[in-house]
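Now for the letters of each chain:
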Amino acid sequence: MGLRDELLKPIWHAFTALDLDKCGKVSKSQLKVLSHNLCTVMRIPHDPVALEEHFKDNDEGPVSTQGYMPYLNRFILDKVRDNFDRLELNKMCWTLCAGKNLNINHLLITDEDAFKIWCVFNFLSEERYPLVIVIEEIEYFLRRLMEAMGGSWEEERFQSYRMQQSRRQRDLSAWEFIDLVGQGHFSKGMHRQTLSMGIKEVFQELILNVLKKGYMMKKGHKRKNWTERWFVLRLHSLSYYVGEDLTEKKGDILLDGRSCVESLPDKEGKKCLFIIRCSDKSFEISASDTKKKQEWIQAVQSCIYALRHNQVSPHRAARHQRRELRRKLQAEQDQLQEGMRQLQVASEQKQRELEAMRKKLQDTATSAALEERKRMQTQHELQERYRADLEREKMVRQQMERQVAQKSSELEQYLQRVKELEDMYHRLEEALEDERQARQDEENMRKLQSRLLEEEACKRAELEHLHTQQLRAMSQTEAEKQELEKERKEKESALRAAMVQLEQLENERRGALQQYEEVTKKLESATNKTKSWKDKVAHHEGLIRLIEPGVKGPQRITNWGPAAFTENELNLREQEWQQRKNQPPKPPKPSKPPKAQ
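This structure is a prediction, so every number in the text was calculated from the model and none was measured. (Residues numbered from 1 in each chain as written. Predicted model: local features only at pLDDT ≥ 70, side-chain atom pairs only at ≥ 80, totals over all residues. Heavy atoms only, no water.)

S.K.: How should the packing of helix α7 (residues 135–149) against helix α9 (residues 174–182) be read in this particular structure?
M.R.: A packed helix pair is summarised by two numbers, namely the angle formed by the two axes and the spacing between the axes. Their axes nearest at 12 Å, the elements α7 and α9 cross at an angle of 35 degrees. The two elements α7 and α9 cross, and the hand of that crossing is right-handed. Touching Ile138, Phe141 and Leu145 of α7 are Phe177, Leu180 and Val181, all from α9. Its residues placed into classes, the contact of α7 with α9 shows 6 nonpolar, no polar and no charged. (Axes fitted to C-alpha atoms, helices over the stretch in contact; angles between N-to-C directions. Helix = DSSP H or I, 4+ residues; strand = E, 2+ residues; numbered from the N terminus. Left-handed = near helix turned anticlockwise from the far one by under 90°. Contact = heavy atoms within 4.5 Å. Nonpolar A, V, L, I, M, F, W, Y, C, P; charged D, E, K, R; others polar.)

Structure below.
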């Protein structure tokens with residue numbers, strides 16, 4: 001909110017207070033006095049002739065707000081500069097409007113407190129006329145007020161109040177807002193002095209832009225002594241006073257984007273020191289404890305950062321954010337309401353369409369019922385006709401079954417062929433069933449009755465043709481029987497030739513078997529001769545013997561190795577050796593090679 005918008009709100013209150021008849025118009029004499037007072041407070045040179053010149057076409061009668069606004073903008077607000085005391089302007093406008101709209105006899109607050117609440121109302125109210133404050137801003141103010149008084153926030157009580165306001169469907173004016181706070185509805189149990197101090201605290205934060213305040217020690221520039229001062233931090237300055245009453249101001253520390261704040265080590269018996277460096281001077285300050293020191297450093301740094309980036313005070317930024325949020329929520333709500341309206345219109349349209357469709361369905365159902373009765377009558381007639389046709393078809397089928405039974409008894413060897421004929425007959429029945437189903441379906445259409453009769457005649461002709469084909473197939477079956485008999489004879493002759501060949505092969509097998517037996521006998525005789533020859537050589541030389549399975553038991557070890565001879569062989573060799581030992585020695589004879597057998 002700019003300077004012009006801030007100034008228009010208290011001026012609007014003053015203009016409204018001058019409207020005695022509540023008709024939205026004020027006399028020109030009163031506007032002259034108001035304009036002169038405004039120029040005086042805002043330090044603007046007053047031109048009494050300008051008002052007369054501006055309303056020269058309307059010399060008689062009062063002037064409305066719309067008529068006074070062009071003069072106010074051109075001759076006053078366009079010339080205003082931010083070099084006057086805004087609090088003095090607010091007090092002047094308050095003096096004009098409070099006496100006619102406020103009665104504090106039944107309230108728990110003083111006139112000064114009411115003025116502060118009025119200023120807060122102008123700060124938090126919406127930028128539309130007549131001025132009102134919404135429920136969200138009321139909640140914001142009451143929360144800050146309870147924090148300043150050290151009380152707890154009662155959410156249930158406020159929600160009850162919110163419900164009452166929503167039922168009333170209107171926001172509060174300045175005087176209703178003062179009554180709400182002054183009656184102590186949300187500060188029950190609090191002393192009047194506590195309420196007054198809380199209002200003062202919130203007023204200093206929101207209106208006077210006080211970001212932080214408290215006692216600290218400051219080092220002098222001339223005497224270099226340390227003096228306790230009451231410091232008040234605003235966005236552009238850090239002012240220090242003799243006491244909390246702010247009656248005697250000792251100086252200002254002007255802040256800008258080039259200022260800085262730094263922590264200092266303890267010295268000269270002072271602790272928790274920090275220094276604020278400005279463009280022309282530096283100020284050394286001592287806090288009461290480390291926590292206070294850090295809080296003051298952070299607060300001053302926040303102001304310097306805001307000034308460096310051309311930002312407004314935190315309370316104004318928070319107010320702007322709340323308003324933007326409300327605008328977004330209102331836009332979303334309007335969009336939602338528009339969507340609901342469109343849905344309602346669409347629903348009504350659908351309802352009308354459904355009603356029209358319901359009427360159409362009723363008419364269609366009536367006509368369909370008539371058509372259904374006609375269709376049932378026609379269907380009954382056609383069923384009588386089809387019943388007679390089915391009887392005839394049944395007689396024909398019985399005759400065909402008798403013929404098929406006769407042919408089946410005569411042609412047992414060709415049962416497979418008869419089954420195929422039966423399948424053909426079943427397919428014929430399915431075709432007849434399909435024909436009946438097609439006729440029933442076409443009965444519903446009523447337009448194709450003549451075509452159904454023609455198709456029925458065609459089907460009958462096809463049935464006769466199929467019957468003729470069946471007779472032909474039976475004659476062809478007889479011919480196939482003769483061909484199969486011929487093929488059977490040919491296969492029997494081929495079988496006899498194969499049997500002859502099989503006998504020849506059997507004879508050849510027997511001859512080969514005899515030859516095999518003769519060869520086997522020769523092989524066995526040769527094997528026996530070879531075995532007897534080996535036995536003789538082994539007995540003669542003692543070098544070769546047949547390996548036979550030995551007795552499982554302890555083995556004897558000889559010069560020929562373990563288990564080279566059996567027990568019997570060793571006994572024989574021992575006896576021969578004793579005989580040779582007892583006989584006299586004979587001259588050796590040359591050994592002869594064994595004869596081949």
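S.K.: Got a minute to help me understand the pattern of salt bridges in this structure?
M.R.: Should their charged atoms come close, side chains of opposite charge can pair. Inspection of every chain in the model, using the stated rule, returns 35 salt bridges. Where aspartate 78 meets arginine 4, a salt bridge forms, and the shortest distance between an N and an O atom there is 2.5 Å. Within this pair, whereas aspartate 78 is found in the loop between α4 (65–77) and α5 (86–101), its partner arginine 4 is found in helix α1 (residues 3–18), the two being separated by 74 residues in sequence. Relative accessible area serves as the criterion here: at 33%, arginine 4 is assigned to the partly exposed category. (Salt bridge = Lys/Arg side-chain N within 4 Å of Asp/Glu carboxyl O. Buried < 20%, exposed > 50% of the residue type's maximum accessible area, 1.4 Å probe, protein only.)

S.K.: Mind showing me how you'd approach the nonpolar core here?
M.R.: For soluble globular proteins, the rule of thumb is that nonpolar side chains tend to be buried together. With 69 residues, the main nonpolar core has Leu38, Ile76, Trp118 and Ile178 as its most contacted residues. With 24 residues, the next largest nonpolar core counts Ile253, Ala299, Val300 and Ile304 among its residues. (Core = buried A, V, L, I, M, F, W, Y, C linked by side-chain atoms within 4.5 Å.)

S.K.: Which parts of the structure should I look at to understand unusual backbone geometry?
M.R.: For residues besides glycine, phi is generally negative; the peptide bonds are generally trans as well. At the junction of tyrosine 129 and proline 130, the peptide bond is cis and its omega measures out at 0 degrees in the coordinates. Here proline 130 is to be found in the loop between α6 (111–124) and α7. Positive phi, close to 60 degrees, is recorded for lysine 224, a residue that is not glycine. Here lysine 224 lies in the loop between β3 (212–219) and β4 (226–233). In this structure, asparagine 310 is a non-glycine residue whose phi angle is positive, near 55 degrees.

S.K.: Would you mind showing me how to read the packing of α7 against helix α10 (residues 192–206) here?
M.R.: Viewed as axis vectors pointing N to C, α7 and α10 meet at an angle of 120 degrees, and their least axial separation amounts to 8 Å. Here α7 is positioned oblique relative to α10, judged by the angle of their axes. Crossing of α7 over α10 shows right-handed handedness. Along its contact with α7, which presents Tyr140, Phe141, Arg144, Leu145, Ala148 and Met149, the element α10 presents Thr194, Leu195, Gly198, Ile199, Glu201, Val202, Glu205 and Leu206. In the contact of α7 with α10, the residues fall into 9 nonpolar, 2 polar and 3 charged. (Parallel < 35°, antiparallel > 145°, perpendicular 65-115°, else oblique.)

S.K.: Got a minute to help me understand helix α12 (residues 314–410) in this structure?
M.R.: Structural remark: α-helix, 3.6 residues per turn; residues separated by three or four positions point the same way. The first and last C-alpha atoms of α12 sit only 117 Å apart over 97 residues, clearly below the 144 Å expected at 1.5 Å per residue. The complete set of buried residues in α12 reads His315, Arg316, Arg319, Arg322, Arg323, Arg326, Arg375, Gln379, Leu382, Tyr386, Asp389 and Met400. (Expected span 1.5 Å × (residues − 1).)

S.K.: Is there a simple way to explain the environment of histidine 236 in this structure?
M.R.: Note that histidine 236 resides in the loop between β4 and β5 (237–241). Apart from the residues within four sequence positions on either side, histidine 236 is in contact with Ile253, Leu254, Leu255 and Leu307.

S.K.: Help me understand a negative patch on the surface in this model?
M.R.: Together, Glu480, Glu483, Glu487 and Glu490 give the surface a local cluster of negative charge. By the element assignment, glutamate 483 lies in helix α14 (residues 449–541). (Patch = residues over 30% accessible without salt bridge, like charges linked within 9 Å, V, L, I, M, F, W, Y side chains within 5 Å. Areas by Shrake-Rupley, 256 points an atom, 1.4 Å probe, with all protein chains shown as cover. Lys, Arg positive; Asp, Glu negative; His and termini not counted. Charge placed at Lys NZ, Arg CZ, Asp CG, Glu CD.)

S.K.: So what exactly am I meant to see when it comes to the sheet that holds β5 here?
M.R.: Two strands in a sheet stick together by hydrogen bonds in their backbones, pointing the same way (parallel) or opposite ways (antiparallel). Spatially, the 7 strands line up as an open sheet ordered β6-β5-β4-β3-β9-β8-β7, and their pairing is antiparallel. Two strands in the sheet have a free side with no partner beyond their single neighbour: β6 (249–254) and β7 (260–264). In this sheet, adjacent strand axes meet at a mean angle of 35 degrees when their direction is disregarded. Relative to β6, β5 runs antiparallel, the two being bridged by 5 bridges. In the strand pairing of β6, tyrosine 241 is matched with lysine 249. (Pairing = 2+ DSSP bridges.)

S.K.: Whenever I open this one, the environment of glutamate 112 confuses me. Can you help?
M.R.: Position of glutamate 112 relative to the elements: it lies in helix α6. Judged by its relative accessible area of 40%, glutamate 112 is partly exposed. Separated by 88 residues in the primary sequence, glutamate 112 and lysine 200 have C-alpha atoms spaced 9.4 Å apart.

S.K.: When you look at the pairing of β5 in this model, what are you seeing that I'm missing?
M.R.: The side chains of a regular strand alternate between the sheet's two faces. Across the 5 residues that make up β5, a large majority, 5, are buried. Along β5, one buried face is formed by Ser237, Ser239 and Tyr241 and the opposite face, lined by Leu238 and Tyr240, is buried too. Judged from the 4 bridges that link them, β4 and β5 form a sheet pairing that is antiparallel. Bridge pairing in β5 links tryptophan 230 to tyrosine 241.

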